[in-house]
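# Coordinate analysis (summary)
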Amino acid sequence: MSTNSAAWLPEARSDVVVGPAEMPVPGPGELLVRTRAVAVNPLDDVKQWTGNLMYRWLPYPAVLGEDVAGEVAAVGPDVTRFAPGDRVVAYAVGMERGTRHRAEGGFQSFVVVREGLTAPLPDTLAFHDAVVLPLAVSTAATALFQRDHLALPHPTPAPVGGRGTVVVWGGSTSVGSNAIQLAVASGHRVVTTASPRNHERMRDLGADLVVDYRDSTAVDRLSEALRGDEVVGVLAVGTGSGAAAVALAAATGARRVALASPAVSFASLPRRGGPSVTAALTMTRLGASTALTQLTARRHGISARFVWGSALMTNEVGRMLWHDHLPRALADGTHRPAPEAEVVGEGLESIQTALDRLRAGVSAKKLVVVL
Ligand SMILES: NC(=O)c1ccc[n+]([C@@H]2O[C@H](COP(=O)([O-])OP(=O)(O)OC[C@H]3O[C@@H](n4cnc5c(N)ncnc54)[C@H](OP(=O)(O)O)[C@@H]3O)[C@@H](O)[C@H]2O)c1
């Protein structure tokens, strides 16, 4: 087998640097995957940019990266669903607490992934297209199906419909584009928000109605359109979407809101450690907005909880998604990789370019690097 390399984050707030890495060995329930494509997520950017504000347990040098697609190079003991040579897409969880941080980080040529967070890829699906899925689809599934979030019934091969309406605020985000498809697959009508340039895309993914989230009357327009519907839950994706989602839930009688994004953006935080006025203001605004949203939710009897996309690693949602639903839905084309991939470059060296591009902002696109 060849040697391994990784895009290392040497320390907080530095660029990633490509260098040699140990060849990881898959343990029980694990696969070693030869990575052919990776995608970048806001999570990677936030970790790189804000140092130890999040994921403070991650030791440096660190290997970030959650989205991988490639070929199985070896399997650990007890693995039955996959064999060397299989084409797969997988959620790499090296950033999560209690994992093998370096072996399971996605930004490397050979990565260890878990059998329970891996799906086979049909031959018709290219690695660079499928790699948009893992963190986004996992977060969407956690938000929609976990019992303490929206607790929706699980998707079925032939959804029966008539199970009420789900609102996905931020449908053109990666999480939102997957949530629309999963909510439709579990028999729900979906209404969503996005910029007008993405409305057609949202309808294409299965949304019934799309409203511009920047329109100051968006909550009113949606509540009006939803009059008479049974709204079973609201998923809030996008900075600051929580307050709008709770207002909409209060107006429509929904009792469950799943919050995927923080109330304020961390983008303006300075790229250096230590105290700063901007950091203090950002954290104060975060605390105040979060508290206000929670207070409003409580007043209306709404449960509004933050989603942790990796929670499905240890519950029934993970098995439903990665073992049952995705293999079937990718094979029959009912779950499409979305948003669309844009290949930014080739080789681990292009990962920093992709991260810089992501920081500048994307619209209904996932930035991908092929290896
Ligand atoms: N909690 C978790 O476990 C978890 C996991 C993954 C992601 N997230 C969070 O979920 C959010 C989305 O992540 P992603 O990877 O899905 O994002 P992404 O694909 O990078 O998001 C880009 C999209 O965001 C939309 N957008 C920007 N601001 C918005 C707002 N205020 N309301 C609604 N939509 C907005 C834009 O829509 P238009 O172009 O249509 O304007 C754009 O298409 C981020 O905040 C991320 O940190 C959380």
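The structure this text deals with has already been given above.
Here we summarise the structure given alongside this text. Everything quoted here is computed from the prediction, not taken from an experiment.

Cut-off values and rules
- Residue numbering note: each chain is counted from 1, following its sequence as written.
- The model is predicted, so local features are restricted to residues of pLDDT at least 70 and side-chain atom pairs to those at 80 or more, both for listing and for counting; the totals for chains, interfaces and linings are taken over all residues.
- Runs of E in the DSSP output that reach at least two residues are strands. Runs of H or I that reach at least four are helices, and both are numbered from the N terminus.
- Remark: residues whose backbone-derived C-beta atoms lie within 7 Å of one another are considered to be in contact.
- Only the C-beta atom, placed from the backbone, is used; a residue is near a molecule or strand if that atom lies within 6 Å of it.
- Amino acid classes used here: Ala, Val, Leu, Ile, Met, Phe, Trp, Tyr, Cys and Pro are nonpolar; Asp, Glu, Lys and Arg are charged; the rest, including Gly, are polar.
- Reported domain spans reflect what an automatic or database domain assignment gives.
- Three exposure classes are used. Buried residues have 20 or more other C-beta atoms within 10 Å of their own C-beta, exposed residues have 12 or fewer, and partly exposed residues fall in between, all C-beta atoms being placed from the backbone.
- Strand pairing is assigned whenever DSSP detects at least two bridges linking the two strands.
- Viewed with both strands pointing away, a crossover whose connecting path from the first strand over the helix to the second turns clockwise is right-handed.
- We define a nonpolar core as a collection of buried residues of the types Ala, Val, Leu, Ile, Met, Phe, Trp, Tyr and Cys that are connected via C-beta atoms lying within 7 Å of each other.
- Convention adopted: a line fitted to C-alpha atoms gives each axis, helices being fitted over their contacting stretch, and angles between N-to-C directions are expressed from 0 to 180 degrees.
- Any angle that is under 35 degrees is reported as roughly parallel, and any over 145 degrees as roughly antiparallel; angles of 65 to 115 degrees are reported as roughly perpendicular and all others as oblique.
- Less than a right angle of anticlockwise turn of the near helix away from the far helix marks a crossing as left-handed, whereas a clockwise turn marks it as right-handed.

Right, let's talk about the environment of E66 for a bit. Relative to the helices and strands, E66 resides in the loop between α1 (42-50) and β4 (67-75). In this structure the C-alpha to C-alpha distance between E66 and V38, which are 28 residues apart in sequence, comes to 7.9 Å. Ignoring sequence-local partners within four residues, the contact set of E66 consists of N41, L43, Y91, A92, G106, P134 and L135.

For the rest of this paragraph, the subject is the site of the ligand. With respect to spatial proximity, 29 residues lie near the ligand, and among them G170, S195, G238, G309 and S363 are the closest. When contributions to the shell around the ligand are tallied by element, the ones reaching two or more residues are α1, α3 (134-145) and α4 (174-185). No other element matches α3, which puts three residues into the shell around the ligand. Across the shell around the ligand, the residue classes tally to 13 nonpolar, 16 polar and no charged. Taken domain by domain, the makeup of the shell around the ligand includes at least three residues from each of domain 1 (4-132 + 339-370) and domain 2 (137-309).

With that out of the way, let us pick up the pairing of strand β9 (residues 189-193). Across the five residues of β9, five count as buried, placing the element largely inside the fold. Residues of β9 alternate between two faces, with R189, V191 and T193 on one and V190 and T192 on the opposite face, all of them buried. Note that strand β8 (residues 165-169) and β9 share four bridges and pair parallel. Following the sheet pairing, V166 is matched in β9 by V190. Read from β8 through α4 to β9, the crossover connection turns out right-handed. In this structure, β9 lies alongside strand β10 (residues 209-211), joined through three bridges in parallel fashion. The partner of T193 across the bridge, within β10, is V211. With helix α5 (residues 199-205) bridging β9 and its parallel neighbour β10, the resulting β-α-β unit is right-handed.

V131, L144, L235 and V257 are the most contacted members of the largest nonpolar core, which totals 115 residues. Of the domains in this structure, domain 1 (4-132 + 339-370) and domain 2 (137-309) are the two that each give at least three residues to this core.

In the contact formed by helix α6 (residues 218-225) and helix α7 (residues 241-252), the axes pass within 10 Å of each other and the chain directions differ by 30°. By the angle between their directions, the pair α6 and α7 is classed as roughly parallel. The way α6 lies across α7 gives a crossing that is right-handed. In this structure, α6 uses A218, V219, L222 and S223 to contact α7, whose residues at the interface are A244, A247, L248, A251 and T252. Taken together, the residues of the contact of α6 with α7 sort by class into seven nonpolar, two polar and no charged.

This is a description of form; function is not addressed.
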